[in-house]
Amino acid sequence: MSTSALIPESKLPALGTTIFTQMSALAQQHQAINLSQGFPDFDGPDYLKERLAWHVAQGANQYAPMTGVAPLREAIADKTAELYGWQPDAAAEVTVTAGATEALFAAISALVRPGDEVVCFDPSYDSYAPAVTLAGGVLKRLALQPPAFAVDWQQFAAALSPRTRLVIVNTPHNPSATAWQAEDMQQLWHAIAEREIYVLSDEVYEHICFAKGGHASVLAHPQLRQRAIAVSSFGKTFHMTGWKVGYCVAPAALSAEVRKVHQYLTFSVNTPAQLALADSLRAEPEHWRQLPAFYRAKRDRFVQALARSRLEILPCAGTYFLLADYSAISDLDDVAFCHWLTEHVGVAAIPLSVFCADPFPHKLIRLCFAKQDATLDAAAERLCRL
């Protein structure tokens, strides 16, 4: 019998360390201003932190119910009703997860069977494809083109087949900073209404939307929400990405399947954080109500500060990201340019091509503006020297 180490055949052979980890490490190495990875450099509400400490001191430190603590699920249901005009059943249709990424993985694992086709729109968030692959599905990517990154609905309809099982939607959209309108949700419904297709709607930036009509949620569409799973993130909403608390809202039958995966993936989410979030949703609803204005001010400050740079800033309708075209500055491809920018200019960004499977010839980088004003001003000063 051989005693040599066994090396498993990788289920994800093409994957390495994510670009976000790479760029953050490079930023730290070169002491660059990190506008690459999407996290704030400021803290969340004091009340939320106080309630976390209070619940810890009160002994709420054991397992939470698998689906989430009742006060949080009930607060989520009420917030959903206020925002989207429909109240889910807190017991059967709301599930608290270990961040939005877990919710996305659990939903894909629950719905996608070997050979099923899943449609998503490129550029797309990097967690979708590995989850589809691990479920045995086949990902069909539809390329969106800058600057509008609008869906070609005829192309979308042509991409559907009898094997299409799931469509992954992301609005407001990371990384393009665009946002769907209600008409887009109606177009989606028109395309899939007569087919047995589910929708996974990644809405983690639901409160960071600057579109004139506000955030168009799948939950606001009476027909779509009957076959959709909507995913949200408290990390994004409360500036606490390290807490890794998210949730999904879905019809009872879909929620039951998601929960079957969730209970063996993480089982439950840490109890005091859930209780603190429930308290904050009840006591300080103005926090999330004011979030669009809070981030709009940061967006506008950063855009104004970059006005004298040679970067061309694309419109931003949502998320806390800006896209910048650097073609007037360099002929480097976007990955090489981001490395050069970090090492020689002292600002870390993310190349857009990493969000796409097919070659992405556009010279676009993504910059995160979820930063203190001083951070944004310092980064803009460096970028304006280019």
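Placed above this text is the structure.
In this text the structure is predicted, and so the values were computed from the model without any measurement. Each chain carries its own residue numbering, running from 1 in the written order of its sequence. Given that the model is predicted, a residue must reach a pLDDT of at least 70 before its local features are reported, and side-chain atom pairs must reach 80 or more before they are shown or counted; all residues, however, enter totals for whole chains, interfaces and linings. Excluding hydrogens and water, the side-chain values take into account all heavy atoms of the structure.

## Description of the overall build of the chain
Scanning the chain from terminus to terminus reveals 14 helices and 13 strands. Every radius of gyration here is taken over C-alpha atoms, with the globule rule written as 2.2 Å times N^0.38, N being the number of residues. Its C-alpha atoms give the chain a radius of gyration of 21 Å, within 12% of the compact-globule value 21 Å for 386 residues. For the chain, the C-alpha atoms occupy an extent of roughly 65 × 55 × 50 Å along the three principal directions. Note on classification: 1.4 Å probe, protein chains only; a residue is buried when its accessible area is under 20% of the maximum for its type, exposed when over 50%, partly exposed between these limits. A buried classification covers 56% of the 386 residues belonging to the chain. A total of about 16800 Å² of accessible surface is found on the chain, and carbon and sulfur atoms cover 52% of it. By the criteria applied, helices consist of DSSP H or I runs no shorter than four residues and strands consist of E runs no shorter than two, each listed in order from the N terminus. Note on areas: Shrake-Rupley with a 1.4 Å probe; residue coverage comes only from the protein chains shown.

## Here's the deal with the nonpolar core
Phe156, Leu188, Ile192, Ile229 and Phe302 are the most contacted members of the largest nonpolar core, which has 122 residues in total. It is helix 4 (residues 99-111) that contributes the most residues to this core, 7 residues altogether. Not counting residues within four places of it along the chain, the set of residues in contact with phenylalanine 156 comprises Val119, Phe121, Leu142, Val151, Val167, Leu188, Ala191 and Ile192. Take the buried Ala, Val, Leu, Ile, Met, Phe, Trp, Tyr and Cys residues and link them wherever side-chain atoms come within 4.5 Å; each set so joined is a nonpolar core. Between two residues, a contact is recorded if the distance between any of their heavy atoms is within 4.5 Å.

## Things to note about the layout of surface pockets
Method remark: on a 1 Å grid restricted to protein atoms, a set of points is classed as a cavity if a 1.4 Å probe fits but cannot get out and as a pocket if it is open with protein on both sides within 12 Å along at least five of seven lines; lining residues have an atom within 4 Å of a point. Grid points are joined across faces, edges and corners, and a volume is the space filled by probe spheres set on the points. Counted as a void, the largest pocket has a volume near 1100 Å³. Around the largest pocket sit 45 residues that line it, and Thr18, Phe20, Tyr125, Asp126 and Ser127 are the ones nearest its centre. At the level of secondary structure, the elements contributing two or more residues to the lining of the largest pocket comprise helix 1 (19-29), helix 4, helix 5 (128-134) and helix 8 (234-237). Note on residue categories: nonpolar means Ala, Val, Leu, Ile, Met, Phe, Trp, Tyr, Cys or Pro, charged means Asp, Glu, Lys or Arg, and polar means any other residue, Gly included. Class assignment of the residues belonging to the lining of the largest pocket gives a composition of 20 nonpolar, 18 polar and 7 charged. Space inside the second largest pocket adds up to approximately 210 Å³. Lining the second largest pocket we find 13 residues, and of these Ala148, Phe149, Ala150, Thr178 and Ala179 sit closest to its centre.

## A few points about helix 10 (residues 271-283)
Under the 1.5 Å per step criterion, the end-to-end length of helix 10 is 18 Å for 13 residues, consistent within 8% with the ideal 18 Å. With respect to burial, helix 10 is a largely interior element, 11 of its 13 residues being buried. Those residues of helix 10 lying buried are Thr271, Pro272, Ala273, Gln274, Leu275, Ala276, Leu277, Ala278, Asp279, Ser280 and Leu281. Against the buried residues of helix 10 lie helix 2 (46-57), helix 3 (70-84), strand 2 (94-97), helix 8 and helix 11 (286-289). Under this definition, polar contacts are N or O atom pairs within 3.5 Å; protein pairs additionally need one hydrogen-donor-capable and one acceptor-capable atom, and for neighbouring residues in sequence, both atoms have to be side-chain atoms. The distance from a side-chain oxygen at the start of helix 10 to the backbone nitrogen of alanine 273 is 3.1 Å, and the residue carrying that oxygen is asparagine 270. Expected span of a helix, by definition, is 1.5 Å for each gap between consecutive residues, and there is one gap fewer than residues.

## As for the pattern of salt bridges
Salt bridges are identified by distance alone: a Lys or Arg side-chain nitrogen within 4 Å of an Asp or Glu carboxyl oxygen. This structure, assessed with the given rule, holds 16 salt bridges. Linking aspartate 46 and lysine 49 is a salt bridge whose minimum nitrogen-to-oxygen distance equals 3.5 Å. Remark: lysine 49 and aspartate 46 occur in helix 2; sequence separation between them is 3 residues, near one turn of the helix. Judged by its relative accessible area of 52%, aspartate 46 is exposed. The shortest N-O distance in the salt bridge between arginine 289 and glutamate 82 comes to 2.9 Å.

## Looking at the packing of aromatic side chains
For Phe, Tyr and Trp, where Trp contributes only its six-membered ring, two rings pair if their centres lie within 6.5 Å, and the inter-plane angle classes them as stacked under 30 degrees, edge-to-face over 60, or tilted in between. Summed over the entire model, instances satisfying the criterion amount to 18 aromatic pairs. Judged by centre distance (5.9 Å) and plane angle (75°), the rings of tyrosine 205 and phenylalanine 321 are edge-to-face. Placement of tyrosine 205 in the loop between strand 6 (198-202) and strand 7 (228-233) and of phenylalanine 321 in strand 10 (residues 321-325) is noted, with a sequence separation of 116 residues between them. Residue phenylalanine 321 is classed as buried on the basis of its relative accessible area, which comes to 1%. Considering the side-chain rings of tyrosine 295 and tyrosine 320, the 5.5 Å spacing of their centres and the 50° angle between planes classify their relative orientation as tilted. In this pair, tyrosine 295 sits in helix 12 (residues 291-305) while tyrosine 320 sits in the loop between strand 9 (312-313) and strand 10, placing the two residues 25 residues apart along the sequence. An aromatic cluster is defined as three or more aromatic residues linked by ring pairs; in this entry it consists of Phe42, Tyr205, Phe294, Tyr295, Tyr320, Phe321 and Phe369. Lying across the ring of tryptophan 54, arginine 51 places its NZ or CZ 4.5 Å from the centre. Here, over-ring charges are defined by two tests on the NZ atom of lysine or the CZ atom of arginine: distance to the ring centre within 6 Å, and angle to the ring normal within 35 degrees.

## Some thoughts on the sheet that holds strand 2
The strand order across the open sheet built from 7 strands is 2-8-7-6-5-3-4, with neighbouring strands paired in mixed fashion. Each end of this open sheet is capped by a strand with a single partner; those strands are strand 2 and strand 4 (138-143). Taking the axes of each pair of neighbouring strands and ignoring which way they run, one obtains an average angle of 20° across the sheet. The rule for pairing is simple: two strands pair if DSSP sees at least two bridges between them. For helices, the fitted axis covers only the stretch in contact; all axes are lines through C-alpha atoms, and the angles between them, taken along N-to-C directions, range from 0 to 180 degrees.

## A short note on the side chain of histidine 239
Note on placement: histidine 239 falls in the loop between helix 8 and strand 8 (246-249). Side-chain polar atoms of histidine 239 contact the side chain of tyrosine 295, separated by 3.2 Å. Not counting chain neighbours up to four residues away, the residues in contact with histidine 239 comprise Pro40, Phe42, Asp43, Gly44, Phe234, His287, Leu291, Phe294 and Tyr295.

## What to know about the packing of helix 4 against helix 9 (residues 252-265)
Between helix 4 and helix 9, the least distance of the axes is 8 Å, while the angle of their chain directions is 115°. Here the hand of the crossing between helix 4 and helix 9 comes out right-handed. Contacts between helix 4 and helix 9 pair Glu102, Phe105, Ala106, Ala107, Ser109, Ala110 and Leu111 from the former with Leu254, Glu257, Val258, Val261, His262 and Leu265 from the latter. Of the residues contributing to the contact of helix 4 with helix 9, the split by class is 9 nonpolar, 2 polar and 2 charged. By definition, any crossing whose near helix is turned counterclockwise from its far helix by less than a right angle is left-handed, and any crossing with a clockwise turn is right-handed.

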